[in-house]
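Coordinate analysis (summary)
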Amino acid sequence: MKIFSIVGARPQFIKLAPLSAALQGHQEFIVHTGQHYDYAMSEKIFLDLGIRKPDIHLEVGAGNQTTQITAMMLKLEKEMLEKKPDLVIVFGDTNSTLAGALIAAKQNIPLVHIEAGLRSFNRTMPEEINRIVTDHVSQYLFAPTQTAVHNLATEGLAAHTHFTGDIMVDTMQNSLQVALEKSTVIKDLQLEGKTFNLLTLHRHYNVDDAAVLQHILEALEQLGETIIFPVHPRTRKMLDNSSYTVPGNIQLTEPQGYLDFVALEYGCKRIISDSGGIQKEAYILRKPCITLRSETEWVETVQEKWNLLINPSEKNIAAQIAAFVVPEVQHNIFGEDVAAKMVQLINAI
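Nothing here was measured: the structure is a model prediction, and the numbers come from that model. (Residues numbered from 1 in each chain as written. Predicted model: local features only at pLDDT ≥ 70, side-chain atom pairs only at ≥ 80, totals over all residues. Heavy atoms only, no water.)

Here's the deal with the sheet that holds strand β3 (residues 56-57)
Inclusion rule: We call two strands paired when DSSP finds no fewer than two bridges between them. Elements are defined by DSSP. Helices are runs of H or I of four residues or more, strands are runs of E of two residues or more, and each kind is numbered from the N terminus. In this analysis, two residues are considered to be in contact whenever any of their non-hydrogen atoms come within 4.5 Å of each other. Every axis corresponds to a line fitted to the C-alpha atoms, with the helix fit spanning only the stretch in contact, and the corresponding angles, defined between N-to-C directions, vary from 0 to 180 degrees.
If you trace the seven strands from one edge of the open sheet to the other, you get β3-β2-β1-β4-β5-β6-β7, paired in parallel fashion. In this open sheet, the two edge strands, each paired with only one partner strand, are β3 and β7 (161-163). Sheet topology note: the strand β4 (residues 87-91)/strand β5 (residues 111-114) ladder contains four bridges and is parallel. Paired with V88 across the bridge in β5 is L111. Relative to the sheet, helix α16 (residues 338-347) contacts β1 (2-7), β4, β5, β6 (140-143) and β7, its axis offset from that of β6 by approximately 165 degrees.

Some words on the sheet that holds strand β9 (residues 227-230)
The parallel open sheet is built from six strands, whose spatial order is β10-β9-β8-β11-β12-β13. Every other strand in the sheet has two partners, leaving β10 (250-253) and β13 (307-309) as the edge strands with one partner each. On average, adjacent strands in this sheet sit at an angle of 20 degrees to one another, irrespective of strand direction. Taken together, the two bridges between strand β8 (residues 197-199) and β9 define a ladder with parallel strand orientation. Bridge pairing in β9 links L198 to I228.

Brief notes about the nonpolar core
The cut-off we apply is this: Side-chain atoms within 4.5 Å are what join buried Ala, Val, Leu, Ile, Met, Phe, Trp, Tyr and Cys residues into a set we call a nonpolar core. Each residue gets one of three labels from its accessible area relative to the maximum for its type: buried under 20%, exposed over 50%, partly exposed in between, using a 1.4 Å probe on protein chains only.
Within the largest apolar cluster, 33 residues are counted, with the highest numbers of intra-cluster contacts made by L19, I51, I89, I114, Y258 and I346. Counting only elements with at least two residues in this core, the list comes to β1, α1 (10-22), α2 (43-49), β4, β5, α7 (168-182), α12 (258-267) and α16. Residues in contact with L19, not counting those within four places in the same chain, are I89, F91, I114, I167, A339, M342, V343 and I346. In terms of nonpolar packing, the next biggest core, distinct from the first, is built from 24 residues, L201, V231, Y244 and A318 among them.

Notes on the environment of R270
Here is the rule: Any pair of N or O atoms that falls within 3.5 Å is considered a polar contact. Within protein, one atom must be able to donate a hydrogen and the other to accept it, and sequence-neighbouring residues count only if both atoms are side-chain atoms.
Relative to the elements of secondary structure, R270 occurs in strand β11 (residues 270-273). The class for R270 is buried, based on a relative accessible area of 6%. Taking the C-alpha atoms as reference points, R270 and H150, separated by 120 residues in sequence, lie 30 Å from one another. If near-sequence neighbours (up to four positions away) are discounted, R270 is found in contact with F196, N197, L198, L223, E225, P288, I290, I321 and A322. Within polar-contact distance, the side chain of R270 engages the side chain of N197 at 2.8 Å. Within polar-contact distance, the side chain of R270 engages the side chain of E225 at 2.9 Å.

Quick notes on helix α13 (residues 276-284)
The α-helix winds at 3.6 residues per turn, so residues separated by three or four positions along the chain end up facing the same way. Counting buried residues in α13 gives eight out of nine residues, a clear majority hidden from the surface. At the C-terminal side of α13, R286 shows a positive phi close to 60 degrees.

Concerning the pairing of β10
To keep it simple, the criterion reads: When the strands point away from the viewer and the path from the first strand over the helix to the second turns clockwise, the crossover is right-handed.
Across four bridges, β9 lies against β10 in parallel orientation. Counterpart to P230 in the pairing with β10 is T253. With helix α11 (residues 233-240) bridging β9 and the parallel β10, this β-α-β connection has right-handed handedness.

Regarding the packing of aromatic side chains
This is how the line gets drawn: Side-chain rings of Phe, Tyr and Trp, where Trp is taken by its six-membered ring, are said to pair if the distance between their centres is within 6.5 Å; with planes under 30 degrees apart they count as stacked, over 60 as edge-to-face, and otherwise as tilted. For a ring to carry a charge above it, either NZ of a lysine or CZ of an arginine must fall within 6 Å of the ring centroid while also lying within 35 degrees of the normal to the ring plane.
Tallying each qualifying case throughout the model produces five aromatic pairs. Centre to centre, the rings of Y283 and W306 are 6.3 Å apart; their planes meet at 70 degrees, and the pair counts as edge-to-face. One end of the pair, Y283, is in helix α13; the other, W306, is in the loop between α14 (299-303) and β13, and 23 residues separate them in sequence. Taking the relative accessible area as the measure of exposure, W306 reaches 4% and is therefore buried. Ring pairs connect the aromatic residues Y283, W298, W306 and F334, which therefore count as one cluster. The ring centre of F261 lies 5.0 Å from the NZ or CZ of R10, which sits over that ring.

Observations concerning the environment of Q24
Inspection of the secondary structure puts Q24 in the loop between α1 and β2 (27-32). By relative accessible area, which is 60% here, Q24 ends up exposed. Counting along the chain gives 319 residues from Q24 to V343, while the straight-line C-alpha distance between them is 9.0 Å. Within polar-contact distance, the side chain of Q24 engages the backbone oxygen of A21 at 2.7 Å.

So, helix α3 (residues 65-83)
For the record, the criterion: Residue count minus one, scaled by 1.5 Å, sets the expected span of a helix. It is the directions from the helix axis to the C-beta atoms that the arc portrays.
Here α3 contains 19 residues, and its C-alpha end-to-end distance of 26 Å stays within 8% of the 27 Å for a straight helix at 1.5 Å per residue. Regarding α3, the residues found buried are Q68, I69, M72, L76, E79, M80 and K83. Along the axis of α3, the buried positions cluster into a sector of 100 degrees, meaning they face one direction only. Residues T66, L74, K78 and E82 are exposed on α3 and point more than 90 degrees away from its buried face. If you follow the buried residues of α3, they end up packed against β1, β2, β3, β4 and α4 (95-106). Here α3 starts with a cap whose side-chain oxygen sits 3.1 Å from the backbone nitrogen of T66, and that cap is N64. Positive backbone phi, approximately 50 degrees, marks K84, located one or two places after α3.

Following this line, the structure appears as structure tokens:
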């Protein structure tokens, strides 16, 4: 088959890597929308994960949601009309996901949604709208967890649903040893033999308001522990535009490539984040995860007591983090050999 694999953001590149490697015998076009264009969050991740250069680069770049999605749709429509793919694959819940799904649906091209069925039940999140719409226009829903399977059945989509597990398991298994052997980030940041926390923040409700971001960072100062903070471009813009001085225990770094970030995850004491994908990576690496959100689409990580949700507006954030202890036992909730299962399903289409 002629397949369009549409990606545009860091989490999608991570999911693409093992699937693209497994799609032998098909004519795959990797389509990069340009949603993430920072070197460390885009080009370097392709290099780190051994993904070939995109066959089609739309170069959409920055913009508000409407502008960005519209530009993607116009360019995707042109490419699909010209190349006439037999199948379109979209990943996750970004603007790139939604744009690809809508154009495939309008052109009656069969659509696979990888990471289908996730629900935070918070419709103020743009990602939640992207997930719901994409699921309801897809013919093949590849669900990463049993909770996702249940969500899809509740919405009347059971006939289109396939439980595959989460493909990020494959990416981590393929990359961890490489990261530990090749990455120099622990040495470069002078973290050898030291205990540190790893922090990421990028959700609009955490970083777009300077007062909220300041509250979070000051709460983390009270933790009294070293925190490594690779700063997302969105967050960096807010910090650069304010007169706020970041607490001394928080060490800012540039965004990290995938292998360097995995090395930091592996070496840290705990992970503090508002990211969906990093919650999974923390679980796979058996690291305690603090999620600075009031809800999560990865509910299993909370149920297994490896992930603690903290509303970022709370005042006792540091105390909750310090008191959080994970169990000794961890269950496999994300599956294994996921890419092989997905390709088997794709081959049967």
